Amino acid sequence: MAAISSCFCTYAQEAESADNTPELTIIPRVDVNPYIPVGNKGNAGVDFSNTGLYTLFEGNIGEHFSYSMCNHWLSTDPKSLYQNTFRSDDTNWVDWANITYSTGCFSLTVGKDVLAIGGFELDAYDVDSHINLSSTFWNNIAMYQWGAKVEFTTNSDSSVALQFATSPFAERPFAGKLFTYSLYWTGEYGCFSPIYSLNFMEYERGRFLSILSLGNRFDIGDFYIELDYMNRARSVKELGKEMSIIGKAGYNLGDKAEFFIKGGYEFRHGEEDLFGYGDEWELDGSIVPTGILRNKDYAFYGAGIHFYPLRDSQDLRLHAVAAANNYSNEVSLTVGVTYYFNLVDTILRHRRK
């Protein structure tokens, strides 16, 4: 960070009056997550949930090129971030790193990027999400893959993208020769905003897992409702046998606070173990189960509040979230803080003073 800062001091001075000034945002998050037992079978405990350190580095190169890089430097298991550096079946310290060429209504992005899978739960930044109040799909899928994406903006409110990327079923990117093909649509139409996608993930050469994901958001004044539906299948016969349904409703108190409730229902009734997690969902260090269960569906639910104490800014977020599900005998109570610190803006403001 010290080396980057010294470079940006010089670069920011040169680019202060230009539109190509880069942005480096340092994003620490600290969570404390105690578990309160419910009934005789519950266990008390505490962990640090989604605690981590991220940086977001992005900017423009001339009129048509832009770049974006998000790094995940620390987590509650930092060793795995670096052990997974060259893997595509798990997350690592590089979330994404890509370059985009844009002209008119067309753009081309090349590099490591987020898989173009629909739904509002997957649309949020990882650092802003709450682990124990997210689906098992969110907790298990390796969403960051190498490839290319072509996007067409049909008008100011709608865009369609085609993406070719490596598959999260491959152990190594490109070496496994397994790929993901995606069609992605998003838009804003008055109070209604969709994020829809159709994805084909290759799990063996020539064999695909298909994912239909339909994300819907409705904004009515300060209230909003999000409804995500996802169906996963390896064949036509499996349609409807594995899916997720997630709902979220919230109220924004201006720019100062957000209150929300969220719940989800997931099941797998097919014979195939789609993601290779085994035949049983079980608790592994948190209240979110891992694995695949054929005999018991999964339901989770909870509520939370986000509070932004800074005047005219949402860079600093204080949050408190309660979550539970039908697998654990505990209630998770997460409290924490997230801060978006824009280093370059701070340097430029200091120079002007």
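Anyway, here's the lowdown on the structure attached to this text. Everything numeric in this text was worked out from a predicted model, so none of it was measured.

## Thoughts on the overall build of the protein
A count of helices and strands for the protein gives five helices and 20 strands. Buried residues in the protein amount to 44% of all 353 residues. Carbon together with sulfur atoms contributes 59% to the accessible area of the protein, which is approximately 17700 Å² in total.

## A closer look at the packing of aromatic side chains
Scanning the entire structure with this criterion turns up 20 aromatic pairs. The interplanar angle of 45 degrees and the centroid separation of 5.8 Å between the aromatic rings of Trp96 and Tyr125 together place this pair among those described as tilted. Of the two residues, Trp96 is situated in strand E5 (residues 94-103) and Tyr125 in the loop between helix H3 (120-123) and helix H4 (136-140); the sequence distance between them amounts to 29 residues. With a relative accessible area of 9%, Trp96 lands in the buried category. By relative accessible area, which is 37% here, Tyr125 ends up partly exposed.

## Some details on the pattern of salt bridges
Applying the stated criterion across every chain, the model contains ten salt bridges. Among the salt bridges present, the one from Lys149 reaches Asp113, with a minimum N-O distance of 3.6 Å. Note that Lys149 is positioned in strand E7 (residues 144-155) and Asp113 in strand E6 (residues 106-114), a separation of 36 residues in sequence. In this structure Asp113 comes out as buried when scored by relative accessible area, which is 13%.

## Details of the pairing of E7
By the bridge criterion, nine bridges tie E6 to E7 in an arrangement that is antiparallel. Opposite Phe106, over in E7, you have Phe152 as the bridge partner.

## Here's the deal with a nonpolar patch on the surface
Taken together, Trp146, Leu162, Phe164, Phe174, Tyr181, Leu183, Leu198, Phe200 and Leu212 make up a surface patch of nonpolar side chains, about 780 Å² in accessible area. For the nonpolar patch, the elements supplying multiple residues, two or more each, are strand E8 (158-166), strand E9 (179-187) and strand E10 (192-204). Structurally, Leu212 is set in strand E11 (residues 207-220).

## Concerning the environment of Asp77
Along the polypeptide, Asp77 turns up in the loop between strand E4 (65-74) and helix H2 (78-83). Sequence spacing of Asp77 and Gly52 is 25 residues, and the spatial spacing of their C-alpha atoms is 9.3 Å.

## Re unusual backbone geometry
Positive phi, close to 70 degrees, is recorded for Phe174, a residue that is not glycine. In this structure, Asp312 is a non-glycine residue whose phi angle is positive, near 60 degrees. Position of Asp312 relative to the elements: it lies in the loop between strand E17 (298-307) and strand E18 (316-325). Look at Asp312 and you get exposed, because its relative accessible area is 79%.

## Overview of the environment of Ser213
For Ser213, the position within the fold is in strand E11. Judged by its relative accessible area of 2%, Ser213 is buried. In this structure, the C-alpha to C-alpha distance between Ser213 and Gly118, residues 95 residues apart in sequence, is 5.1 Å. Excluding anything up to four places from it in sequence, Ser213 contacts Ile117, Gly118, Gly119, Ile195, Tyr196, Ser197, Tyr229 and Met230.

Rules used throughout
- Within each chain, residue numbers correspond to sequence positions counted from 1 in written order.
- For a predicted model such as this one, the threshold for reporting local features is a pLDDT of at least 70, and the threshold for listing and counting side-chain atom pairs is 80 or more; totals across whole chains, interfaces and linings nevertheless cover every residue.
- Side-chain descriptors were evaluated using all non-hydrogen atoms of the structure, hydrogens and water having been removed beforehand.
- For the purposes of this entry, the term helix denotes a DSSP run of H or I that reaches at least four residues, the term strand denotes a run of E that reaches at least two, and both are numbered from the N terminus.
- Only protein chains enter the accessibility calculation, which uses a 1.4 Å probe; a residue whose area is less than 20% of its type maximum is buried, one above 50% is exposed, and one in between is partly exposed.
- Using a 1.4 Å probe, the Shrake-Rupley method yields the accessible areas, and only the shown protein chains count as cover for residues.
- What counts as a ring pair is set by centres within 6.5 Å for rings of Phe, Tyr and Trp (its six-membered ring), and what kind of pair is set by the plane angle: stacked under 30 degrees, edge-to-face over 60, tilted for all other angles.
- For salt bridges, the criterion is a side-chain nitrogen of Lys or Arg within 4 Å of an Asp or Glu carboxyl oxygen.
- A pair of strands is considered paired only if DSSP assigns at least 2 bridges between the two.
- Patch rule: a residue counts if its relative accessible area is over 30% and it has no salt bridge; like charges are joined within 9 Å, and nonpolar side chains (Val, Leu, Ile, Met, Phe, Trp, Tyr) within 5 Å.
- Contacts are assigned to residue pairs with any non-hydrogen atoms lying within 4.5 Å of each other.

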